[in-house]
Amino acid sequence: MLSEERRVEQQSALTQPAAGRLAAPDVRDEFGLETIDMSMGPQHPAMHGLLRLILELDGETVVRCDPVMGYLHRCQEKIAENRMYPAVIPLTDRLDYFANMHNEHGYVLAVEDQLDVEIPPRAEYIRVLMCELMRLASHIPSIGFLMLELGAFTPILYAFRERERIQTIFEAVTGARMMFHYIRIGGVKADLPPDIPQQIWDYIEGLEARFQSDFVDLIQDNEIFISRTRGVGKMTGEKALEMGLTGPPLRCTGVDFDIRRDYPYSIYPELEFDVITDTAGDVEASYRVRIAECLQSIRLIKQCLEKMPEGAVMGDLGRRLRPKEGDGFGRVESPRGEFAVHIVSDGSDTPYRVHYRDPSFCNMQLLQEVVPGHYLPDIMPIMGLIDPVSGGWDK
Amino acid sequence: MAVTLPEGNLEDRLKRYLDGFSGRHGLRESEIIGNAVRVVVAPGDVPAVLATAKEALGIRHLSFITVVDRVGSFELTYELIDLRGARVMVKAVIEGEEPVIGSVTGIYPTANWHEREAYDMFGVAFAGHPDLRRLYMWQDHFDHHPLLKSFEISTRRTFEGLR
Amino acid sequence: MQKFNEPNIVTTSTDKLFNWARKNSLWPLQFGLACCAIEMMSTGMAHNDLDRFGAGFFTASPRQADVMIVSGTVSTKMAERMTRLYEQMPEPKWVIAMGACAISGGPFLDGYSVLMGADRVIPVDVYVPGCPPRPEALIFGIMTLQKKIERDQQVGIEKPRPALVNEDGSINEYLPEREYAGISEGKAPRLEGIRPLKRTYVFEREGMPPASQTDVGWVPPEVQKKLKEEEKARKAAEKEAAARADAEKTESANGEADGEAKPDGEQA
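All values reported here derive from a predicted model rather than from experimental measurement.

(A) Local environment of the layout of surface pockets. As a volume, the largest pocket reaches approximately 930 Å³. In terms of lining, the largest pocket is formed by 39 residues, of which the most central are A:P45, A:F145, A:L148, C:Q30 and C:M41. Sorting the residues of the lining of the largest pocket by element identifies α6 (121-150) of chain A together with α2 (35-44) of chain C as the ones contributing at least two each. For the lining of the largest pocket, the leading source of residues is α2(C), giving 5 residues. When residues of the lining of the largest pocket are assigned to domains, at least three fall in each of domain 1 (4-68) and domain 2 (76-394) of chain A. Estimates place the volume of the second largest pocket at around 630 Å³. Along the walls of the second largest pocket sit 25 residues, with A:L109, A:D113, A:F329, A:G330 and B:R87 positioned nearest its centre. Here the lining of the second largest pocket takes 5 residues from strand β6 (residues 326-334) of chain A, the largest share from any one element.

Printed below as a string of structure tokens:
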């Protein structure tokens, strides 16, 4: 057993903020030290996708970090100009492929902005139910990926177990495990099967019962987790707003901005939920924000299931959709932040221009500002803070 | 260190923003639609208008910059969010085939990558941008701007960039 | 040491041993590109376990990898890096193209920066269709690859695996593996007369769809009986109608013989 002093010493060392130390300029000159240019290339086991970071390193400390993107550019905006409005929905599915429902929802809101359609309330409730289930299916694996990159293998197994079960529910409702094409313009594709609400309810109750033990107790007080994530990537609210962050990276610095509450869409005004913020703007804070948002999602799912009305699930639309000319805007709170779609239509049945504002794209600017000064291994937890998805930043 | 966000009634705030813009700059069009203030300005005024929005009116978040290629002119839309329910859309139309406009990176640093993307996809040059290079396409030997209407997509073009 | 040029008992036995060892410990290269990578990760996780096939160790370094699972859209910017990784893998190596994007470009076929299939630049052994393919489908693809590895021979067949990027930077377009399947004896001439790929897209085909699409397929037995009876009734009605028509014709022929002059008579 360690003596008391040693234990106190170790404990305080763990809670010190992790900060890199750059060699002083005179030390560098005296010893002839130079910086190393290194490319953390597109294929890397720990990158959330294909990202190339051109790093300038002084020993282990990063002096400059320059992300190079475009390794998955799939020309989504250009292809969308040649497809009819309903045919763009599968393309939006593949934008941020961890949160497909939110992408679809954002696009569909933008198109419905220019149409004159009344969406039945049951369809709205189903949309919110699916979006909140998707939020669970996105936040839980992102915690798993954060831990995988720090070296822990168990949390990601638990996370993918949950994701498999949620994907089974999605398969029963929409017919597909991942690319749903479920939220359509005017409603949703089809009604929920009759036994699904009970299945979702049972699953959510089970998840709530094991959430604390599987995802919180296992991770939160772990020494290695604390020493690698406390103080890493620390930002203030001012800086985060300047950099244009949204979503959990912004809320973990203390700014409470949530599109579900501030720019409400669908039936969120009728549901009760809290907006979770944390004051320490580091990776550990983002982990706590995501955990708490999972619990809020569970709360929202229960409310949706209780309050769901009966009725049709698709509005009254013709076969050929011709929105009126002009700009349509849709904005949703995806698990990564603010996902906005701007559609310019010219009255025909294909859009003239579709522009996606993806949260992963905008939150990645954090890397240029925050990484310099940290050690090289700290880049992994910072990517866990942003939690980007490469289909999102590369469109 | 707490960040203060705007408070108050939504309509009052929208009117205050509209008056703030029209009082300081000459606007071509201005109206309030729903929860958004829509303002059309000349391209040369865009940095000044956005500076007003950030400093005088306290609108702190630039959501996105969209470029639309109307063949013969380019239409830029800057969407600003005040984080509490109000939106501001600033539109500018640049005539001609070689669009140049002032950069707003000094005002909203998040515009850095939005402007790089607009340059990459459309060729819109932003004067004063600290680091205007391509974002998605190959940075050295790709001479086209893909989202222009004159760039047609087909299966034949894919091998142009493959060295 | 004797060098064998043709398969015999020694080489087939060692073939069996090597192929068994290779197919049961395929180490994939971690090459998740896009959405299919998530399903590949799901396949490696506890529910659909890839480790029971020996293929659970996803290695990050290409020098230790056996199989490269191209999962996701290959953009042209990434294609260079992909060929470099492929060349860094030591022999024997295989490639699985997972997902519609890796097979042919998928939903992004007409994109300007999307490579129309990974087999444009590297040789692919197994294609797993789907968007994204289910984990079970990927496991089926790996099992197909295992069956393919079983057929491998150390002598007698030359598999062309050349470098695909020349020194001057030009790319050799590669035919998919199926085009080389008919070459079984002797040395296959490498890259001799590469024919341009003929791909027909669905919207370019003219004429009737293939017979399998117009075929009705299996019909339940009671419906079959009903159809047979209807067929018989129809045939009987037809025969009756034909008999009645004959009777009418002979009547009218008799009637005409009285009234009109015969054509023979006219000609004569």
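(B) Examining the interface of chain B and chain A more closely. At the junction of the two partners, chain B supplies 45 residues and chain A supplies 44 residues. Of the roughly 3900 Å² buried between chain B and chain A, counting both surfaces, carbon and sulfur atoms make up 56%. Applying the counting rule to chain B against chain A returns 8 salt bridges. B:R84 is paired through a salt bridge with A:D256; the nearest N and O atoms lie 3.0 Å apart. The tally of links from chain B across to chain A stands at 28 residue pairs in polar contact (both at pLDDT 80 or more). Listed by contribution, the elements that provide at least two residues to the side of chain B that touches chain A are β3 (61-70), β4 (73-81), β5 (87-95) and α3 (111-122) of chain B. Here the side of chain B that touches chain A gets 9 residues from one element, more than from any other, and that element is β3(B). Of the residues in the side of chain B that touches chain A, the class split is 24 nonpolar, 9 polar and 12 charged.

(C) Expanded view of the packing of α2(C) against helix α5 (residues 135-150) of chain C. Residues and elements named next belong to chain C. Interaxial distance between α2 and α5 falls to 9 Å at its minimum, and their mutual angle equals 75 degrees. Taken together, α2 and α5 sit at an angle that is classed as roughly perpendicular. Note on element contacts: α5 touches α2 through P135, L138 and I139, opposite E39, M40, S42 and T43.

(D) Main features of the sheet that holds strand β2 (residues 52-58) of chain A. Residues and elements named next belong to chain A. With antiparallel pairing, 3 strands are arranged side by side in an open sheet as β1-β2-β3. The open sheet has two edge strands with one neighbour each: β1 (36-40) and β3 (61-68). For this sheet, the mean inter-axis angle between neighbouring strands, taken without regard to orientation, is 20 degrees. Where β2 meets β3, 7 bridges bridge the pair, whose relative direction is antiparallel.

(E) Seen up close, a nonpolar patch on the surface. Where nonpolar side chains cluster on the molecular surface, the patch consists of C:L17, C:F18 and C:W20 and spans about 350 Å² of accessible area. By secondary structure assignment, the location of C:F18 is in helix α1 (residues 9-23).

(F) Here's a closer look at the nonpolar core. Grouped together as the largest cluster of nonpolar side chains are 165 residues, with contacts concentrated most on A:M130, A:Y182, A:L367, A:I379, B:L50 and B:Y78. Two domains each provide a minimum of three residues to this core, namely domain 1 (4-68) and domain 2 (76-394) of chain A. Dropping the residues within four chain positions of it, A:I379 is found in contact with A:M40, A:L53, A:L55, A:V62 and A:V371. By size, the runner-up hydrophobic cluster in this structure holds 38 residues, among which are A:Y71, A:M178, C:L29 and C:M82.

(G) A look at the state of the cysteines. Summed over the entire model, instances satisfying the criterion amount to 0 disulfides over all chains. Of the cysteine sulfurs around A:C75, a residue in no disulfide, the closest is that of C:C101, at 11 Å. Residue classification places A:C75 among the buried residues on the basis of a relative accessible area of 1%. Here A:C362 stays free of any disulfide, with the sulfur of A:C252 as its closest cysteine sulfur at 17 Å.

(H) A look at the pairing of β3(A). Burial of β3(A) is extensive: 6 of the 8 residues sit out of reach of the surface. Between the antiparallel neighbours β2(A) and β3(A) lie 2 residues, among them A:G59 with a positive phi of about 70 degrees.

Parameters at a glance
Residues numbered from 1 in each chain as written. Chains lettered and ligands numbered in written order. Predicted model: local features only at pLDDT ≥ 70, side-chain atom pairs only at ≥ 80, totals over all residues. Heavy atoms only, no water. 1 Å grid on protein atoms, 1.4 Å probe; cavity = no way out; pocket = protein on both sides within 12 Å on 5 of 7 lines; lining within 4 Å. Points joined across faces, edges and corners; volume = space filled by probe spheres on them. Helix = DSSP H or I, 4+ residues; strand = E, 2+ residues; numbered from the N terminus. Domains from an automatic or database assignment. Contact = heavy atoms within 4.5 Å. Buried area = accessible area lost by both parts, 1.4 Å probe. Salt bridge = Lys/Arg side-chain N within 4 Å of Asp/Glu carboxyl O. Polar contact = N/O pair within 3.5 Å; in protein donor to acceptor, adjacent residues only side chain to side chain. Nonpolar A, V, L, I, M, F, W, Y, C, P; charged D, E, K, R; others polar. Axes fitted to C-alpha atoms, helices over the stretch in contact; angles between N-to-C directions. Parallel < 35°, antiparallel > 145°, perpendicular 65-115°, else oblique. Pairing = 2+ DSSP bridges. Patch = residues over 30% accessible without salt bridge, like charges linked within 9 Å, V, L, I, M, F, W, Y side chains within 5 Å. Areas by Shrake-Rupley, 256 points an atom, 1.4 Å probe, with all protein chains shown as cover. Core = buried A, V, L, I, M, F, W, Y, C linked by side-chain atoms within 4.5 Å. Buried < 20%, exposed > 50% of the residue type's maximum accessible area, 1.4 Å probe, protein only. Disulfide = S-S within 2.5 Å.

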